[in-house]
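# Structure assessment
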Amino acid sequence: MNGWTGTIVRVDLAAGTVKKESLPAELARKFIGGRGLASKILCDEVDPTIDPLSPKNKLIFSTGPLNGTYAPSASHYNVVAKGPLTGTIAASSSGGMFGPMLKYAGYDAIIFEGKAKKPVYLWIKDDEIELRSAEDLWGRNTVETTEEIRLATDDEASVACIGPGGERLVLFANVMNECNRAAGRSGVGAVMGSKNLKAVAVRGTGAVRVSDNEAFRSASQRASTKIREHAVGGKGLRTYGTDVLVNILNEIGGLPTRNFRESQFPGADKVGGESLTARILTRPRGCFSCIISCGRATRIKNPKFGGMGEGPEYETAWAFGPDCGIDDLEAITKANYLCNEAGMDTITMGSTIACAMDLFENGIITTKDTDGVALNFGDAEAMVEMVRKTAEGEGFGKKLALGSYRLAESYGHPEYSMSVKKQEMPAYDPRAVQGIGLNFATSNRGACHVRGYTIAPEVLGNPEKVDNMTTDGKAKLDIIFQDLTAALDSTGACLFATFGIGGDDLAELLSCATGVSYSTEDFMKAGERIWNLERIFNLKAGFSARDDTLPDRILKDQVLKGPAKGQVNRLGDMLPEYYSLRGWDASGVPTKEKLQELGL
Amino acid sequence: MAKMLMIYPDRCTGCHDCELACSFFHDGEFRPHTSRIHVSSWEMEGFSMPTTCVQCEDAPCVAVCPTGALYNDPGNSRVAWDEVKCIGCRMCTLACPFGAVVFETGKRRIIKCDLCDGSPECVKICPTCALDYIEETDAAKARKKAIAIEFKKAFEEVAS
C-alpha cells in the first residue's frame, strides 16, 4: 500500500502478547485513517455501554495516510477510546513526531486491549515490538518518563506517555508525546492509566511511500503556498501563536470570563499573544512537517512560577486566565507546565477551577471543602495550587480530578458546570458566537471547538466572514465544518492547515498519496460517515437529543455588557434544522436511508 | 565563486521538513533516517539544530578514502564521490568529525550531502529560512545585520 503502511498492531495487555494484522483496503478507503479508522475499529469491537475505565474498553493509537510525508502540517495521530469524562466516543489528536515515527516503523495503528497486571510500556523498533516493565516509571511525570525511556531505548525514540494524571485516573488526563504535545480532552490518558500502560515508545527507520511522487510533490507545493500566503496560517500563528485570539475574542465580547458570568475581560491584553511574545517567548516551534509553527517555546524566570516548556495555547491561557478572572501570564504558564508534566487537559482543568471559584464565591463551598484555600476569582496563587493538588491527588484536588460537572453536582449544583455532556466548553462564548454554540451542543465528544471550528468564518473571516450574531445558515455551516474536520482528522493533517487549504486540496493530497481516487465530495462524504458512526456509538451508549444542549447560563442568562449585550444562545432556532439537514429524525437519530447512503 | 549551505539554528522550529525533502528528492520516499541532513531537537528548551556535511576544504573523508572514491569538487563547492570506486570500507564514516557520511549496505551506497547539484531541496522547503545556500563570503551577512540592528536600537535609546 502507499500512504498507508497496511499493518496494524494488536496488543493484548492481559496476556502480554503482540500480533500484527493487515489493514483491509476497503476499511482504509472508507474511513481513511486516524480518527475515522480508529473510531470504526472501536465501534466494531467495543460495546458502547461499558465502563470506560474497565478492561473492556480499548485504546487505539491511529495515524493517517499523510503522516510521515511532507504534506504541509500533517503530523497528527489520534488516540481513540470510549471517554471517561463524557461517556461518549473520544478521539483526541496530537501533533509532534509520534504519528510519523509509527509510520516509519511500519504501522498504521496500535490497538490496546485488556489491562496489564503490572505497569508496562510498549517499545517498537521497526519490526521488533515488546512490552517492557514500567514499574520504575510509575509515578514519574511526562518529562521524566520521556527521558528515562529514551535512555533505556534510543535517544531519538518518540515517546507518548501518561503522567501522574493518567495513572490516578484524572478524568481529563492526556496522552503526551515529545513532552509538550497533548492528545488532550475527554480523558484518553485515564483510559491508558486504567490499563496500566505507561507509555508507547517508537523508533522507525523505514520509509513512507506515496502513490504518485510527481503529483504528490506538486500538490504539496500548492498547498504549502496557500498556507504560507494566508494571513493566519502563514504569518499570524507563527508570530503570536494561537494566544493571539485573546484580544480578538475580547473585542467582539466573546471571551468567557469568570466561569461565563461575563464575556469580556479587562485584563485580556496582559494574557494575549502579543504579551506572551514580548515577555516569555523563546522561539516558535513546529510539529513534524509543519510550516505554520504555532508552538511556543517559553521560559519563566520568576522563581515563584519558574519553569520551561511549551505553551500556553489560547484555550489554555483563557481557562487559567480570564475564565478564572486571572491576568497573570506567568501563573497561567506555570499551570500549563504543571498540566503538561502531569498529563492533564488544560481546558477542563482551568474550567473546573473556575467552576470551583464560582461555587466558592456563591457560598456553596467554603474553605472547609478546599483544604483552607480561599478560592476567589482572580487569585493566581490559589489557581496554581489547585492544579498542583489535582496533579498530586491531594485533598480537594481529588474532587477537581472529576471535572466541573461531577464537582458541581456533588454539591447539588450542576448548573455551575459550563459543560456539554460533562465536557467543559472552551474559550468562545456561544452567546456572542451563535454557530459555535450549536457545534458545542452537537459535538460527539462533548463541548469542543475542534470538532467544527466555526470561529474561523464567524470571527476570523476564514474562508469568508459570516455574521457571528445570527443563527441563519449556522446549521449548514456547522455540518460542513464538522464533516470536513472528521475527514481531515483522519488524514493526519492539522486543523490549522485549513487556514489556507480546504477539502479539495486535502482530497487531492490524499489521492496522490494513497492512489485511491477521492473527489472533494468523496472526502466530505467520508467525514459525514465518520460523524454518523460516532453519533451511533453515542446513541447506543445512552445519549439522546436531550443531551444536545448548552448550560442554562448560555441559553437563559443574557450577556450583561459589551458588544454581545442582551444576547443568549438561540440553540432552539438551529437544532431542528441541524437534525433535518443531517438526515436525522426529530429526536436526532440517523434515518435508515441516511445510514444506507453512507454505507454504515 | 564558492557557495555554502548556511544554517541558522536560532530560526529552526524542529519541523524536519528538510529531512523529508532530502529523502524524497534523492530516493523517492519519505525516510528521515537516510536524509543527508539531520535535525536534533531538545523539546523542553525548544531548541533544534540541523547538521549536515559542511563540504570541508581539507576533508578527512577524502584523505582517508583508499580508492579515491571521495574527492574534492571545487567547481560545485562540495566533496563528491564516485560510486564505482567505492569499496564500502566506511573509512569516511570513521574519519568525518561531523557524522555526515555513512554507508548503507542494503543499497550499496554512500549517503552524504551532494548539495542537490547546486539547488538544495532542504533550503527550498525550509519554512523559516533556517537554511540558506549562499556565497560563502556572504554567509555571515544576516548575522552582521542582526547585530547591527540590535546595536542601532540600543544606540537610539541612549542617544535620544
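### Looking at the overall build of chain A
When its secondary structure is counted, chain A shows 25 helices and 17 strands. Taking 25 Å as the expected radius of gyration for a compact globule of 600 residues, we find that chain A reaches 22 Å, a close match to that expectation. Along the first, second and third principal axes, the C-alpha atoms of chain A reach 60 × 55 × 45 Å. Taken over 600 residues, chain A has a buried fraction of 66%. Restricting the contact set of chain A to residue pairs at least 6 apart, pairs at least 24 apart contribute 69%. Per element, the accessible surface of chain A, about 18900 Å² overall, is 48% carbon and sulfur. A gap of 2 Å separates the mean positions of the 69 positive and 76 negative side-chain charges of chain A.

### Quick look at the nonpolar core
By size, the foremost hydrophobic cluster in this structure holds 185 residues, and its most contacted members are Phe61(A) and Met383(A). One finds Leu5(B), Ile110(B), Leu115(B) and Tyr133(B) within the second-largest nonpolar core, a separate group that totals 31 residues.

### So, the sheet that holds strand β1 (residues 7-12) of chain A
Residues and elements named next belong to chain A. Taken together, the six strands give an open sheet; going across it, the order is β2-β1-β6-β3-β4-β5, and neighbouring strands pair in mixed fashion. Looking at strand neighbours, the two that pair on one side only are β2 (17-22) and β5 (89-94), the edges of this open sheet. Here the average twist between neighbouring strands, direction ignored, is 15°. Bridge count between β1 and β2: six bridges; the pairing is antiparallel. Each residue of the ladder has a partner; that of Thr7, found in β2, is Ser22.

### A few points about the state of the cysteines
Scanning the entire structure with this criterion turns up zero disulfides over all chains. Just so you know, Cys43(A) is unpaired, no disulfide at all, and the nearest cysteine sulfur is the one on Cys448(A), 17 Å from it.

### Regarding the pairing of strand β15 (residues 307-310) of chain A
All names here are of chain A. By the bridge criterion, four bridges tie strand β14 (residues 295-300) to β15 in an arrangement that is antiparallel. Residue pairing in the sheet places Thr298 in a bridge with Gly309 of β15. The turn joining β14 and β15, which pair antiparallel and follow one another in sequence, is formed by six residues.

### Considerations on the interface of chain A and chain B
Listed per partner, the contact involves 39 residues of chain A and 30 residues of chain B. Carbon and sulfur atoms supply 52% of the area that chain A and chain B bury against each other, a total of about 2800 Å² over both sides. Three residues stand out in chain A for area buried against chain B, namely Tyr70(A), Arg283(A) and Arg285(A), and they jointly supply 23% of the buried area on that side. Its salt-bridge partner being Arg150(A), residue Glu43(B) comes within 2.9 Å of it at the nearest N-O pair. Summed over the shared surface of chain A and chain B, the result is 18 residue pairs in polar contact (both at pLDDT 80 or more). Breaking the side of chain A that touches chain B down by element, the ones donating at least two residues are α4 (142-152), α7 (213-228), β13 (281-285), β14 and β15 of chain A. Across the side of chain A that touches chain B, the residue classes tally to 16 nonpolar, eleven polar and twelve charged.

### Digging into the sheet that holds β14(A)
Strand pairing in a sheet relies on backbone hydrogen bonds. The paired strands run either parallel or antiparallel. Residue and element names in this part refer to chain A. Ordered in space as β13-β14-β15, the three strands form an open sheet in which the pairing is antiparallel. Strands at the two margins of the open sheet, each flanked by one partner only, are β13 and β15. With strand direction ignored, the average angle separating the axes of adjacent strands in the sheet is 10°.

### Examining helix α17 (residues 403-410) of chain A
All names here are of chain A. Of all the positions in α17, only Gly403, Ser404, Leu407 and Ala408 are classed as buried. Taken around the axis of α17, the buried residues stretch over an arc of 155°, which confines them to a single face. Just past α17, the residue Gly412 takes up positive phi, approximately 80°.

### What about unusual backbone geometry?
Residues and elements named next belong to chain A. Backbone torsion omega between Gly311 and Pro312 reads 5°, so that peptide bond is classified as cis. On the secondary structure map, Pro312 appears in the loop between β15 and α12 (314-320). Each neighbour pair has its own omega, and for Asn462 with Pro463 the value is -5°, a cis peptide bond. Summarising the element assignment, Pro463 is placed in the loop between α19 (455-460) and α20 (474-491). Of note, Ile32 is a non-glycine position whose phi angle comes to about 65°, a positive value. With respect to the helices, strands and loops of the structure, Ile32 is situated in the loop between α1 (25-31) and α2 (34-45). Note on Ile32: relative accessible area 0%, which makes it buried. Positioned with a positive phi, Ser293 is a non-glycine residue whose angle comes to about 60°. With respect to the helices, strands and loops of the structure, Ser293 is situated in the loop between β13 and β14.

Rules behind the numbers
- Residues numbered from 1 in each chain as written.
- Chains lettered and ligands numbered in written order.
- Predicted model: local features only at pLDDT ≥ 70, side-chain atom pairs only at ≥ 80, totals over all residues.
- Heavy atoms only, no water.
- Helix = DSSP H or I, 4+ residues; strand = E, 2+ residues; numbered from the N terminus.
- Rg over C-alpha atoms; globule rule 2.2 N^0.38 Å.
- Buried < 20%, exposed > 50% of the residue type's maximum accessible area, 1.4 Å probe, protein only.
- Contact = heavy atoms within 4.5 Å.
- Areas by Shrake-Rupley, 256 points an atom, 1.4 Å probe, with all protein chains shown as cover.
- Lys, Arg positive; Asp, Glu negative; His and termini not counted.
- Charge placed at Lys NZ, Arg CZ, Asp CG, Glu CD.
- Core = buried A, V, L, I, M, F, W, Y, C linked by side-chain atoms within 4.5 Å.
- Pairing = 2+ DSSP bridges.
- Axes fitted to C-alpha atoms, helices over the stretch in contact; angles between N-to-C directions.
- Disulfide = S-S within 2.5 Å.
- Buried area = accessible area lost by both parts, 1.4 Å probe.
- Salt bridge = Lys/Arg side-chain N within 4 Å of Asp/Glu carboxyl O.
- Polar contact = N/O pair within 3.5 Å; in protein donor to acceptor, adjacent residues only side chain to side chain.
- Nonpolar A, V, L, I, M, F, W, Y, C, P; charged D, E, K, R; others polar.
- Arc of directions from axis to C-beta.

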